[in-house]
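Listed here are the chains, written in short residue letters.
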Amino acid sequence: MRRAVLIALAVVVTIVAVVFSFQRKLVYFPSPGPLPGADEVMPGGRDVRLVTADGLVLGGWHFELPDAPATVVVFPGNGGNRSGRLSLARGLTARGLSVLLFDYRGYGGNPGSPSEEGLTYDARAALDLIDGPVVYFGESLGAAVAAELATFRAPKGMVLRSPFTSLAAAGSHHYPWLPVKLLLQDKYPVLERVSAVDAPTVVVLGTADSVVPPAQSREVATAARARLVEVGGADHNDEVLVSGPQVVDAVVSVSR
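About the thresholds
- Residues numbered from 1 in each chain as written.
- Predicted model: local features only at pLDDT ≥ 70, side-chain atom pairs only at ≥ 80, totals over all residues.
- Heavy atoms only, no water.
- Helix = DSSP H or I, 4+ residues; strand = E, 2+ residues; numbered from the N terminus.
- Buried < 20%, exposed > 50% of the residue type's maximum accessible area, 1.4 Å probe, protein only.
- Contact = heavy atoms within 4.5 Å.
- Salt bridge = Lys/Arg side-chain N within 4 Å of Asp/Glu carboxyl O.
- Axes fitted to C-alpha atoms, helices over the stretch in contact; angles between N-to-C directions.
- Parallel < 35°, antiparallel > 145°, perpendicular 65-115°, else oblique.
- Left-handed = near helix turned anticlockwise from the far one by under 90°.
- Nonpolar A, V, L, I, M, F, W, Y, C, P; charged D, E, K, R; others polar.

Visitor: Hey, could you go over the environment of A221 for me, with residue numbers and the actual values?
Guide: When you line up the elements, A221 lands in helix α10 (residues 214-224). A relative accessible area of 4% means that A221 is categorised as buried. In the structure, A221 is positioned 54 residues away from L167 in sequence and 16 Å away in space, judged by C-alpha atoms. Look past the residues within four positions of A221 in its chain and what remains in contact with it is V203, A226 and L228.

In structure tokens form, the structure reads like this:
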């Protein structure tokens, strides 16, 4: 019996050690580059370079309209690269808004490896590119990045799509058998941060979200004193939550 207990304990310790060592590979899923030029994907697009406080140079696309009331800075989720957000950029520019799409470190052919601290640097470098009013749009993990940036500089408005309350809460939902809160190096305390932000905010969620529990997004909306938009039957990566009319309308509503 004692031997069996020791073996079981050794297995658990090994699993925990492996998860701790490789945890960021379970959080961040970058798609590599290279990517085409901005003018190849949308007429009038301009390639930009973001220089971070720790010395990295990141790629981005700026779609600037001369009479836009604001520029929407898009903070992506944990997967893909900026090409997957083109449909959102097209939808927003069609409504008269300028848009900045960029990739975090390690994404889209950019140097570096993603982490909470690193993405904070990346977000602030994106903000440095924009003159004039800005709106933050954050999807999933990007909602956490946007929420942190909003505590540094409040935007004209903010839209958080499928936000979790914290990375630990999201992780515990998927790995209830692991001590996620103790293991995580990156925290992303969204609930705590949005409560300190004073900006018009909309939270958009899909009622069938299988990645971020809708209940967590509702908690974020309450803490942020935000208007809540629920898209019936939508899962986390459905196109209607990427660039559907409810999403575009939400961004426009905090941009005017």
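On we go from here.
Visitor: Run through the pattern of salt bridges, naming residues and quoting values.
Guide: Per the stated rule, a full pass over the model turns up 9 salt bridges. Across the salt bridge formed by E64 and R46, the nearest N and O atoms sit 3.7 Å from each other. Taken together, the residues E64 in the loop between β3 (57-63) and β4 (71-75) and R46 in strand β2 (residues 46-51) connect sequence positions 18 residues apart. For R105, the salt bridge goes to D122, with nearest N and O atoms at 2.8 Å. Remark: D122 occurs in helix α5 (residues 116-128) and R105 occurs in the loop between β6 (98-102) and α5; sequence separation between them is 17 residues. Summarising the burial analysis for this pair, R105 and D122 share the class buried. Where salt bridges share partners, they join D54, R105 and D122 into one cluster.

Visitor: Describe the packing of helix α4 (residues 86-93) against helix α12 (residues 245-253), naming the residues involved and giving the relevant values.
Guide: Viewed as axis vectors pointing N to C, α4 and α12 meet at an angle of 50 degrees, and their least axial separation amounts to 10 Å. One way to sum up the angle between α4 and α12 is to call them oblique. α12 is crossed by α4, and the crossing has right-handed handedness. Of the residues in α12, those touching α4 at L88, G91 and L92 are V247, V248 and V251.

Visitor: Could you give an account of the packing of α5 against helix α6 (residues 141-152), with specific residues and numbers?
Guide: Packing of α5 against α6 leaves a shortest axis separation of 10 Å and a crossing angle of 65 degrees. Note on packing geometry: the crossing formed by α5 with α6 is right-handed. Counting all contacts with α5, which are made through L119, T120, A123, R124 and L127, the residues of α6 involved are L141, V145, E148, L149 and F152. For the contact of α5 with α6, the per-class residue count stands at 7 nonpolar, 1 polar and 2 charged.

Limitation: the analysis is restricted to geometry and does not speak to function.
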